[in-house]
Amino acid sequence: VAARTLHLRRGGFGEGGAIGVVSGELKPGPFGDGDALRFEFSASTDSGLLYRGQVLAAERGDTLAVMVWMAPAEFYYDRDVANVDRLLDSARFKR
């Protein structure tokens, strides 16, 4: 998972139009009964809108599941981050 997640941290967001992407430290986290990696990031658009977000990545077999959430930093991130944390903490692979 770490090698695949590194691509997301280093270049994957820039391909979606984000510039100035800065990622936080990789942290272990749960994904159902298994392990996952999580990190926070910040980015901006070329028009100057600032975003913050979170990423959860987990691997099962040859499947990599990645959940990305991002929101404008000025208001929506702080408003919604607690709910998103609960959502990411409850993520599971479909059986």
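Because the structure is predicted, anything quoted here is derived from the model rather than measured.

(A) Looking closely at the overall build of the chain. Tallying secondary structure elements over the chain gives 2 helices and 5 strands in all. For the chain, the N- to C-terminal ordering of α and β elements is α-β-β-β-β-β-α. Put simply, the chain has 95 residues, and 29% of those count as buried. Taking as baseline every contact in the chain between residues at least 6 positions apart, the subset at least 24 positions apart corresponds to 40%.

(B) Representation of the pairing of strand E2 (residues 27-31) in the model. Pairing of E2 with strand E3 (residues 34-44) involves 5 bridges; the strand directions are antiparallel. The partner of Phe31 across the bridge, within E3, is Gly34. Hairpin connection from E2 to E3: 2 residues lie between these consecutive antiparallel strands, with Gly32 at a positive phi of about 65°.

(C) Molecular detail of the nonpolar core. Counting residues in hydrophobic clusters, the biggest one holds 12 residues: Phe31, Ala36, Leu56, Ala58, Ala65, Trp69, Ala71, Tyr77, Val81, Val84, Leu88 and Ala91. Broken down by secondary-structure element, the contributors of at least two residues to this core are strand E4 (50-60), strand E5 (63-72) and helix H2 (76-89). No other element matches the 4 residues that H2 contributes to this core.

(D) Region of the structure containing the pattern of salt bridges. One pass over the structure, following the stated rule, counts 5 salt bridges. The shortest N-O distance in the salt bridge between Arg38 and Asp85 comes to 3.0 Å. Of this pair, Arg38 sits in strand E3 while Asp85 sits in helix H2, placing them 47 residues apart in sequence. With relative accessibility at 14%, the residue Arg38 sits in the buried group. Note that Glu40 is salt-bridged to Arg52, the shortest N-O span being 3.9 Å. In this pair, Glu40 is assigned in strand E3 and Arg52 in strand E4, connecting sequence segments 12 residues apart. The partly exposed category is assigned to Arg52, whose relative accessible area is 30%. Salt bridges sharing partners connect three or more residues here, namely Arg38, Asp85 and Asp89.

Scoring rules and cut-offs
Residues numbered from 1 in each chain as written. Predicted model: local features only at pLDDT ≥ 70, side-chain atom pairs only at ≥ 80, totals over all residues. Heavy atoms only, no water. Helix = DSSP H or I, 4+ residues; strand = E, 2+ residues; numbered from the N terminus. Buried < 20%, exposed > 50% of the residue type's maximum accessible area, 1.4 Å probe, protein only. Contact = heavy atoms within 4.5 Å. Pairing = 2+ DSSP bridges. Core = buried A, V, L, I, M, F, W, Y, C linked by side-chain atoms within 4.5 Å. Salt bridge = Lys/Arg side-chain N within 4 Å of Asp/Glu carboxyl O.

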